[in-house]
Amino acid sequence: MPGEGIEPTLCRQNRILSPARLPVPPSRQGGGSICDLLPLCFAPVRRQDFSYELPAELIAQQPLAQRSASRLLAVGEADLRDLQVTDLPQLLRDGDLLVFNDTRVLPARVTGTKQTGGHVELLLERALGGRRARVQLRGAKSLRPGARIDTAGGQVRAEVRDGEHWIVELPTETHAYFESCGETPLPPYIDRAAAPADRERYQSIFAREPGAAAAPTASLHFDAALVRALAERGIETTFVTLHIGAGTFAPMRVDDVATHVMHAEYTDVGASAVAAIRAARARGNRVVAVGTTVVRSLESAARQAGPADLLVPWLGDTRLFIYPGFRFQVVDALLTNFHLPESTLLMMVSAFSGRERVLAAYRHAVAERYRFFSYGDAMLLTRYESDR
């Protein structure tokens, strides 16, 4: 999921391709507490309802030289505008509030060798405190609890399986270990090894809270000049934290969307963010999420609030799954990158602005040769209540 957490479902060296199957989903009611993870529905929503065709050459393999040089597709209720990210200040209003995810990506990928001589790759899912961590272990089919893995940062001990992950004991504190010997965890659809420059470019300029295994990629478009232009326009900013785990790259394996269970991600919506959002709403301005991780954070916090509150400060793990039929409570507009076919992130965007509108925008982006995914271009969407 991705980043801002990307979640691939079909990924091949030469193509990413899904057949177009576009039945219109029924209108539904949704919402409830954080435990009500799935919107109510009258008929199944299928994973294939979110397919589109994408030529492999449109998958951005490198970042642009300038962060804010990306293109921006502005999706209106009945029109599409081909713009630049630098046009964003003119698309927002004085007093609108941009909400960013300030998570910091760790160099979360480490290679090692098993005692038998076989190679294994560790990909951090979550730090568990001290020297313990939950990780993905690739090449570990024959691994048993207690096995030791030699890495450049010292010996790692595999303690126990935890579903599709392993709990491991590291030679040093988790963050320090990965910082010392890890490499940037580029997504699997970037068909190259991580370069030294990725340490800075696969990281937003707002990154300050370490803990993510993937970048909140909508934030990658912002540089100092764009931030300054937004401030001069009277646009306000605030921050939340959601640590994107390696689980964001796991595909959806079920056809009936309602049966999918989201992976958990640590989220912190602080009092200052809540106050800024309440103030924006009170003066009639919009709350603009920069990335799907911000949407997930804010809508999760909103489900902790009582009937009289918009949202409340909240810290915890969220498994909130947003797909068409979901009732948004906080976010009014969304800046996001383009997402993979049949991914939960594309489902969230479709819930926000309407599936037919979003898929039409994707077809336009393909025809106009936009760059896709983490290092690609962006789109700006408005919430449309009547088309979900």
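Before any of the text, the structure's been laid out above.
From a predicted model like this one, the values you see are computed outputs, not experimental measurements.

What counts, and where the lines are drawn
- Residues numbered from 1 in each chain as written.
- Predicted model: local features only at pLDDT ≥ 70, side-chain atom pairs only at ≥ 80, totals over all residues.
- Heavy atoms only, no water.
- Helix = DSSP H or I, 4+ residues; strand = E, 2+ residues; numbered from the N terminus.
- Buried < 20%, exposed > 50% of the residue type's maximum accessible area, 1.4 Å probe, protein only.
- Areas by Shrake-Rupley, 256 points an atom, 1.4 Å probe, with all protein chains shown as cover.
- Pairing = 2+ DSSP bridges.
- Axes fitted to C-alpha atoms, helices over the stretch in contact; angles between N-to-C directions.
- Salt bridge = Lys/Arg side-chain N within 4 Å of Asp/Glu carboxyl O.
- Lys, Arg positive; Asp, Glu negative; His and termini not counted.
- Contact = heavy atoms within 4.5 Å.

**Q** Please explain the overall build of the protein as it appears in this structure.
**A** Broken down by element type, the protein carries eight helices and 19 strands. Classification of the 388 residues of the protein by burial places 56% in the buried group. Accessible surface, the protein as shown: approximately 15200 Å² in total, 50% of it carbon and sulfur.

**Q** Could you clarify how one ought to interpret the sheet that holds strand S8 (residues 119-127) in this entry?
**A** In a beta sheet, neighbouring strands pair by backbone hydrogen bonds and run either parallel or antiparallel. Reading around the barrel, the six strands line up as S7-S8-S9-S12-S11-S10 and close back on themselves, with antiparallel pairing between neighbours. Strand-to-strand twist of the sheet, defined as the mean angle between neighbouring strand axes without regard to direction, takes the value 45°.

**Q** Just to check I follow, could you spell out the sheet that holds strand S17 (residues 314-318) for this structure?
**A** Pairing is mixed across the open sheet formed by nine strands, whose spatial order is S4-S3-S19-S18-S16-S5-S14-S15-S17. The open sheet has two edge strands with one neighbour each: strand S4 (80-84) and S17. Along the sheet, successive strands turn relative to each other by an average axial angle of 25°, direction set aside. Relative to strand S15 (residues 265-269), strand S14 (residues 236-242) runs antiparallel, the two sharing two bridges. Along S15, the bridge assignment pairs Thr241 with Asp268.

**Q** Help me understand the pairing of strand S16 (residues 287-290) in this model?
**A** Consecutive residues of a regular strand have side chains that alternate between opposite faces of the sheet. Here S16 shows a buried face lined by Val287 and Ala289 and a second buried face lined by Val288 and Val290. Bridging between strand S5 (residues 97-101) and S16 involves three bridges; their strand directions are parallel. Paired with Val99 across the two strands is Ala289, which belongs to S16. Pairing analysis gives three bridges linking S16 to strand S18 (residues 333-337), with the strands arranged parallel. Counted as the bridge partner of Val288 is Ala333 from S18.

**Q** How should the pattern of salt bridges be read in this particular structure?
**A** In a structure, side chains of opposite charge can pair up when their charged atoms sit close to one another. In this structure the tally under the stated criterion is 22 salt bridges. Notably, a salt bridge pairs Arg355 with Glu356, separated by 3.3 Å at the nearest N-O pair. The exposure class assigned to Arg355 is buried, which follows from its relative accessible area of 3%. Salt bridges linked by common partners bring Arg131, Arg132, Arg157, Glu159 and Glu169 together as one network.

**Q** Sorry, what's going on with the side chain of Arg201 here?
**A** Examined against the element boundaries, Arg201 turns out to sit in helix H3 (residues 198-201). Although Arg201 is buried, it forms no salt bridge, and the closest oppositely charged side chain is Glu200 at an N-O distance of 4.4 Å. Excluding residues within four positions of it along the chain, Arg201 makes contact with Pro63, Leu64, Ala65, Gln66, Arg67, Leu220 and Tyr375.

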